[in-house]
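# Fold and geometry: a report
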Amino acid sequence: MTAKPTLLVSVLMLLAACSSSPPNNGNNGNPDAGGNGGSGVVTGIVSDIGTGVRIAGAAVSGGGKNATTDAQGGFSLTGLATGAVELSITKSGYAPGYANATAGSSSDSVYVLLKSEGTPQSYATSGATTLSQSTANGPYAVILQPNSVDTTDSNITVSITPLDPTTEAAALPGTLVAGGVAKSVLLPVTFAEFTLRDSSGTRLNLKSSASAQVELPIPASLRDTYPPNSKIHCYAYDSTTGKWDDFVDGTVQTSSVDGTTPVLAASIRHFSWYGGAPEGNDCVDVYVKVTSAVDGRPLGNARVEATPGTVAYTDADGNAVVRSTLGGGGSKFTAYQTGIDVDGSLTGMAGAKYIEFGEVTEELTGLVTKPCSSDIGSGSGSGSGPGSSSGQPVPVKVGVVKNFLYNAIAVLSASGGTGSVVVILQSGVPGEDGQLENPLPASGAKITVAESGGGTPVLLPEISAGSGYYSTPGTFPITPGKTYVIAIDADGNGSIDGSGSASAVGDLTFTNPTEGATVAGDGLIASWTDSGAGNSGYSVLYFLFISGQNGGFYYVGNDRQATVTNLLTGGGAPLPAGDYTAEVSGWSGGLSLVGGGGLTFGNNITGAGVSGTFYSTGQSTAINFTAQ
Amino acid sequence: MQRSVTVACGLLTLCALACGPASGGGPSAAGTMFVSQAGSSTVVAIDAVTAAPQARIDVGFLPHNLVPSLDGKTLYAVVVGSQSIAEIDTATRQLRRTFLTGPVPTSRDDGTVIQEHLDQDASAHTTCYDCHRPGGALPKYVGDRPFGLVLAAGGRQLVVCHILTRDVTVLDAATGTIVRTVRLDPSGEAREAVALAALEDALWVALRPRQPSTLPGALRRLDATTLAPLGESPSGSDTGSLLALPERASVLASNFETDTVTEHDESGGSRAIRAAPGPLGMLSLPDGRVLALDYYSNAISFLDLDGNRSETLPLALGSTPFVNPTQAALSGDQRSAWIVSSGTDGHLLQLDLASRSIVRDVPIDGLSFGVAFVPAAPR
């Protein structure tokens, strides 16, 4: 990172100049349609939320202007009338993205994350159809009635793009708040985007008299909070207004696709982004200070996004107040600003769009809860914790995000109250599939781990210089069942580029059978305990293996018991008499069961240019037993 | 069904005519609009002439339907997430008191004792919002989701229906005490009591299946005194609201999922008029027509019940569209309807009935729902 204050000043001046003299068309993401409008400017960068890859060639429109993202995912819309602008971003292979911006005399910044679109599925419009998309959380489904679409085209497809707000909330369009006179924060639970297309690729929608039912899985970590029969308010995103509307009730019930997954079921009238988000009734106002990771100077006009929560812009001193809410776990505060790298000193490419980005995940404690109906920043002080108005704003350091990517694999191991966190960090240039090509160890990163809920961050030193291998020093206290957050400053410039969380798998101990026991093979139910069980949000995938000379069994699932049969013969036959060995292991983070018994492995470390997986494993002691 | 030449006069209209100031020879627009702001747990009072907000009244979680007393001195708000009714003094615009619409449970569904309720003497409270409030006990939303609310017995009683239990509860308006509660039998899969209307000596209750569903619902008629069932007719799967039309001796039901409004009489007969997609609230207009608020199509429909016609207009002020209309109330001078636009941005819109255009946008909180007009007290 080589940014200099003088350069940044000149960047701002250039942006001001751009407002009266729009840049040329071309490959740098400059406007390709326009006309004489106002003096407003919106600059942004578009990336893939799954891989962090910058997305080139995305079509951006808003305020009557159009642009196409350049090779680094950057774009500028100029000549905009000042005021609110609703941006629409489309790119083949991605669900449509939307962003809200404010065009003014100084450029507003948007950092748009797109989600890869779900697999298009054929839909015969004359019949009732259930279409689904399997994910780690379970099947997302839409149940269509006959003749729900006004078309004679026989080649209609439906794409379902799932979005798990516990890891991918940044890709949700707009801002999930109930606005108006007073702003209430909405807590995202489960979302998806539904797209209908005809044979020409044109987006369709349900005809005005038609409705469809959708089923959206409740993420594993939220299932205790939203048990069956819970009512959750649902919303559809209206791209014309840039708001979440259609406020109706959905119900938590069992998936009609796999018969087991708890899903939020609701009726929808419009195909768009859709999902459930109850009101967060415990609002807190959080004071944030944004500074440069290079020299610590306050950064004005940076966009600050609270997740969940509202959006605000920093003043000249780098200060902003955003509203968030308690009850949704830790809140994430993201700050960024985009600009143009005039001389290439920041990105290596003169004229390229760059983004200064940083984020902090903060468990909001000590702040005074206030009615969500009150004005933001109103009233006397907001408590004493991080983010309060009494001198402890949440610090967010931002730094320029490089054009190459980082991938992290982080492993959390716990045993007997101690454990370790190991991170392997690599960097490189992504290929077309988004995977790093010829990745190299990423040295010099600053990686911390902390228990969620206010734990003190512990720095993970690089084991040896140049290795890209980081580990907690000595023994690290880890409580089974608790959630831990890693924060990755991949380039070591002082700003957090990505983060993720995982729960520590506890000690696993068989309760039946036990070591040396003789048990009846017929009707045998294997069971075990997990010292991490009972903690809020704890979700573990267990693997049970039983093997012997006469039979064998395995189980994969979230329960801590399984009815044992002999899978060698099938048909539910009991485990035959003989000697057996049993072992159970647990996995938390990234890996999940999907419909049909399959497993998926997904990224749960996200950020700007950083992606990866943070997981925890645990294993029981193997036991020997005899079946008779 | 008999058509009366009498000008349509729903409860609110009657109230306006009876209670409005007489200056100028006609009913005055002066008064207060009350809007239930479900997302912010408040009812806001807005001057009906100047559109200036006068008070924000914290009433509890998810306030929805609003009903003024016949004398206009009191406004009742059913507080869906706090198992209560909030009673608001319309003159001072302050919360006068609350009362529960059902008993506080001492045990959970699994039979375990709710020790906190015993420790806190919960049954002595008059709203669950005393404890289940921001920063308080979890869960936030509790109870059986009281939703439908009407006046009965000449305004001396309030009747509430509960979505989750199908309980219909009669409360004494003077004391706030529960007079009786009857748990309705389900009608097939229709197990949720979602809307009420009072018509002469009968109460009409809309039953619907748990949503989402395409299974049929039912409209059940009850004796207003005993709550004994008098009859039932089938309905769509998701009735949004009921509107009593005394001059026609009928009840209108808005069918949220089938985009129709159906008119029902006590013989069990019904007929449908198509509205724009997603009709929710309804309002009797002075010219005999009915205004349907078309939630899903961001529109309003003028329903001509005799001509079996409807005309739909987009909900917009100039080029600015508004979304998700839920309910409307007639202004004091009967020249306007005030419409709640219930998106995540809230708006109270003034519809001029002569020009049938939106003429004023008053910002309110997002996720608002109900609206009621209370005329200014005579000087």
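Refer to the structure above for everything that follows.
Anyway, here's the lowdown on the structure attached to this text. (Residues numbered from 1 in each chain as written. Chains lettered and ligands numbered in written order. Predicted model: local features only at pLDDT ≥ 70, side-chain atom pairs only at ≥ 80, totals over all residues. Heavy atoms only, no water.)

## Comments concerning the overall build of chain B
In terms of regular secondary structure, chain B is built from 2 helices and 30 strands. The C-alpha atoms of chain B give a radius of gyration of 20 Å, which matches the 21 Å a tight globule of 379 residues would have. Oriented by its inertia axes, the alpha-carbon framework of chain B measures out at about 60 × 45 × 40 Å. Taking all 379 residues of chain B together, 59% fall into the buried category. Accessible surface, chain B: about 14,200 Å² in total, of which carbon and sulfur atoms supply 52%. Within chain B, one finds 28 positive and 38 negative side-chain charges whose respective centroids are separated by 2 Å. (Helix = DSSP H or I, 4+ residues; strand = E, 2+ residues; numbered from the N terminus. Rg over C-alpha atoms; globule rule 2.2 N^0.38 Å. Buried < 20%, exposed > 50% of the residue type's maximum accessible area, 1.4 Å probe, protein only. Areas by Shrake-Rupley, 256 points an atom, 1.4 Å probe, with all protein chains shown as cover. Lys, Arg positive; Asp, Glu negative; His and termini not counted. Charge placed at Lys NZ, Arg CZ, Asp CG, Glu CD.)

## Considering the overall build of chain A
When helices and strands are tallied, chain A shows 2 helices and 50 strands. Put simply, 65% of the contacts in chain A that link residues at least 6 apart link residues at least 24 apart. On chain A, roughly 23,200 Å² of surface is accessible, and the fraction owed to carbon and sulfur atoms is 50%. (Contact = heavy atoms within 4.5 Å.)

## Side note on the interface of chain A and chain B
Opposite the 36 residues of chain A that make contact, chain B presents 39 residues. Contact between chain A and chain B buries roughly 3,100 Å² in total, counting both sides, with carbon and sulfur atoms accounting for 50%. Viewed at the interface, chain B and chain A are joined by 4 salt bridges. Between Arg145 of chain B and Asp249 of chain A there is a salt bridge whose closest N-O contact spans 3.3 Å. Secondary-structure elements contributing two or more residues to the side of chain A that touches chain B are β13 (177–178), β14 (184–186), β18 (231–238), β19 (243–254) and β20 (262–268) of chain A. (Buried area = accessible area lost by both parts, 1.4 Å probe. Salt bridge = Lys/Arg side-chain N within 4 Å of Asp/Glu carboxyl O.)

## Describing the sheet that holds strand β8 (residues 108–114) of chain A
All names here are of chain A. Reading across from one edge, β5-β2-β8 is the order of the 3 strands in this open sheet, with mixed pairing throughout. Looking at the sheet topology across the chains shown, the edges are occupied by β5 (74–80) and β8. Averaged over all neighbouring strand pairs, the angle between strand axes comes to 25°, with direction disregarded. Of the pairings in the sheet, the one linking strand β2 (residues 40–48) to β5 comprises 5 bridges and is antiparallel in character. Bridged to Ile45 within β5 is Gly74. (Pairing = 2+ DSSP bridges. Axes fitted to C-alpha atoms, helices over the stretch in contact; angles between N-to-C directions.)

## Focus on the sheet that holds β13 of chain A
All names here are of chain A. Strand order in the open sheet formed by 3 strands is β13-β14-β22, with antiparallel pairing between adjacent strands. With partners counted over all chains shown, the strands left at the sheet margins are β13 and β22 (279–280), one partner each. Two strands pair when backbone bridges link them, and β14 and β22 are joined in this way by 2 bridges, in the antiparallel orientation. Counterpart to Val185 in the pairing with β22 is Gly280.

## With respect to the nonpolar core
Ranked by size, the top nonpolar core spans 80 residues in total, and within it Val142, Leu144, Val158, Phe194, Phe271 and Tyr274 of chain A together with Leu242 of chain B carry the most contacts. With 5 residues, the single largest contributor to this core is β18 of chain A. Setting aside anything within four residues of it in sequence, one finds Phe271 of chain A in contact with Val142, Leu144, Val158, Phe194, Thr195, Leu196, Arg203, Asn205, Leu206 and Ala212 of chain A. Counting 25 residues, the second largest nonpolar core, distinct from the first, contains Phe476, Ile488, Ala490 and Ala502 of chain A. (Core = buried A, V, L, I, M, F, W, Y, C linked by side-chain atoms within 4.5 Å.)

## What about the state of the cysteines?
Taken as a whole, this structure holds 0 disulfides over all chains when the rule is applied. Cys128 of chain B supplies the cysteine sulfur nearest to Cys161 of chain B, a cysteine that is in no disulfide, at a spacing of 17 Å. (Disulfide = S-S within 2.5 Å.)

## Considering the pattern of salt bridges
All names here are of chain B. For the coordinates displayed, the defined rule picks out 28 salt bridges over all chains. In this structure, the salt-bridge partner of Arg183 is Asp167, at a minimum N-O distance of 2.7 Å. Here Arg183, found in strand β11 (residues 178–183), pairs with Asp167, found in strand β10 (residues 167–172); they are 16 residues apart in sequence, far enough to count as distant. For Arg309, the salt bridge goes to Asp304, with nearest N and O atoms at 2.9 Å.

## A few points about the side chain of Ser40 of chain B
When you line up the elements, Ser40 of chain B lands in the loop between β1 (31–37) and β2 (42–47). One polar contact links Ser40 of chain B to Asp365 of chain B, side chain to side chain, over a distance of 2.6 Å. (Polar contact = N/O pair within 3.5 Å; in protein donor to acceptor, adjacent residues only side chain to side chain.)

## Overview of a nonpolar patch on the surface
On the surface, a nonpolar cluster with roughly 340 Å² of combined accessible area is contributed by Ile409, Ile424, Ile463 and Tyr469 of chain A. Looking at where Ile409 of chain A falls in the secondary structure, it is placed in strand β30 (residues 405–415). (Patch = residues over 30% accessible without salt bridge, like charges linked within 9 Å, V, L, I, M, F, W, Y side chains within 5 Å.)

## Some words on the pairing of strand β7 (residues 94–100) of chain B
Looking at chain direction, strand β6 (residues 84–89) of chain B and β7 of chain B are connected through 6 bridges and run antiparallel. Across the sheet, residue Ile88 of chain B finds its bridge partner in β7 of chain B, namely Leu95 of chain B.

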